[in-house]
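Here is how the chains run, residue by residue.
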Amino acid sequence: MAAPIPKDDSSKEKLLNLLSKLEEELRWCAQHPNDVSDFEMQQLKEAIDELDTKCKTLGGQFYSDFKKFRKDFDYAADHPNEINSGDFQKFEDMLQELFRDLK
C-alpha cells in the first residue's frame, strides 16, 4: 500500500500549480503589454487575492515576499495608466522569488 501524501506536500503542490498558471499569464502580459486590458488586470488581481489565504498558511519569508508582490501588483491593477512596459517583467521576477522561497 502506498503511503498517503502528507497534507503539506499536497497544498504546496497546489500552490505551485496556481503560481505556475499566474506566471504564464504574467509572462504573456510581459510579452504583450499593449494588449493587456483593464478587465484582464482585474482578473489577475482576483486570482492573486484568492492565493492570499493559501500563501498565508505557509507564512515566513514566502508570505512576506508574496505580500510585497501583491501590494505592487494591486497598485498596478488599480492604476493601469501608470503601468510601464517593464512592470510585468518585474512581477514575473517577483514570482520567481516566490518559487525559490517554496523550495
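Being a predicted model, the structure only gives us computed values, none of them experimental.

Student: Break down the overall build of the protein chain for me, with residues and values.
Tutor: Looking only at helices and strands, the protein chain features 4 helices and 0 strands. When the elements of the protein chain are put in sequence order from the N terminus, they spell out α-α-α-α. Taken along the three principal axes of its C-alpha coordinates, the protein chain extends 55 × 25 × 20 Å. Counting the 103 residues in the protein chain, one finds 33% classified as buried.

Student: A description of the pattern of salt bridges should follow, citing residues and the corresponding values.
Tutor: Applying the stated criterion across every chain, the model contains 9 salt bridges. Its salt-bridge partner being Asp74, residue Arg70 comes within 3.5 Å of it at the nearest N-O pair. Here the residue Arg70 and the residue Asp74 both occupy positions in helix 3 (residues 60–78), the gap between them amounting to 4 residues, near one helical turn. Looking at Arg70, the relative accessible area reads 22%, which means it is partly exposed. The salt bridge involving Glu97 is made with Arg100; its shortest N-O contact spans 2.9 Å. Of this pair, Glu97 and Arg100 are both found in helix 4 (residues 87–102), 3 residues apart, which corresponds to roughly one turn of the helix. Taking the relative accessible area as the measure of exposure, Glu97 reaches 31% and is therefore partly exposed. Members of the salt-bridge network, linked through shared partners, are Asp49, Asp52, Arg70 and Asp74.

Student: Residue-level account of the confidence of the model for the protein chain, with values.
Tutor: Of the residues in the protein chain, 90% have a pLDDT of 70 or more, and the chain-wide mean is 85. Averaged over each element, pLDDT in the protein chain is lowest for helix 1 (residues 7–31) (83) and highest for helix 3 (92). In this model, residues 1–8 is a region of pLDDT below 50 whose contacts with residues beyond four sequence positions or in other chains number 1 contact.

Student: An account of the nonpolar core is needed here, citing residue identities and associated values.
Tutor: One finds Leu19, Leu22, Leu26, Phe66, Phe69, Phe73 and Phe91 to be the most contacted residues of the largest nonpolar core, which totals 25 residues. Every element with two or more residues in this core is listed here: helix 1, helix 2 (38–58), helix 3 and helix 4. Residues contacting Leu22, with those up to four places away along its chain left out, are Leu44, Ile48, Leu51, Phe69 and Leu95.

Student: How would you sum up the state of the cysteines? Please name residues and give values.
Tutor: Summed over all chains, the structure comprises 0 disulfides. Between Cys29, a free cysteine, and Cys55, which holds the nearest cysteine sulfur, the sulfur-to-sulfur gap is 18 Å.

Student: Tell me what's going on with helix 3, and back it up with residues and numbers.
Tutor: For helix 3, spanning 19 residues, the distance from its first C-alpha to its last is 27 Å, which sits close to the expected 27 Å at 1.5 Å a residue. Among the residues making up helix 3, those that are buried are Phe62, Tyr63, Asp65, Phe66, Phe69, Asp72, Phe73, Asp74, Ala76 and Ala77.

Student: Account for the packing of helix 3 against helix 4, with residues named and values stated.
Tutor: The interhelical angle for the contact between helix 3 and helix 4, taken along N-to-C directions, is 165 degrees, at an axis separation of 9 Å. By the angle between their axes, helix 3 is roughly antiparallel relative to helix 4. Crossing of helix 3 over helix 4 shows left-handed handedness. Contacts from Gln61, Phe62, Asp65, Phe66, Lys68, Phe69, Asp72, Phe73 and Ala76 in helix 3 reach Lys90, Phe91, Met94, Leu95, Glu97, Leu98, Asp101 and Leu102 in helix 4. Looking at side-chain class alone, the contact of helix 3 with helix 4 contains 10 nonpolar, 1 polar and 6 charged residues.

Analysis parameters
- Residues numbered from 1 in each chain as written.
- Predicted model: local features only at pLDDT ≥ 70, side-chain atom pairs only at ≥ 80, totals over all residues.
- Heavy atoms only, no water.
- Helix = DSSP H or I, 4+ residues; strand = E, 2+ residues; numbered from the N terminus.
- Buried < 20%, exposed > 50% of the residue type's maximum accessible area, 1.4 Å probe, protein only.
- Salt bridge = Lys/Arg side-chain N within 4 Å of Asp/Glu carboxyl O.
- pLDDT = per-residue confidence, 0-100.
- Contact = heavy atoms within 4.5 Å.
- Core = buried A, V, L, I, M, F, W, Y, C linked by side-chain atoms within 4.5 Å.
- Disulfide = S-S within 2.5 Å.
- Expected span 1.5 Å × (residues − 1).
- Axes fitted to C-alpha atoms, helices over the stretch in contact; angles between N-to-C directions.
- Parallel < 35°, antiparallel > 145°, perpendicular 65-115°, else oblique.
- Left-handed = near helix turned anticlockwise from the far one by under 90°.
- Nonpolar A, V, L, I, M, F, W, Y, C, P; charged D, E, K, R; others polar.

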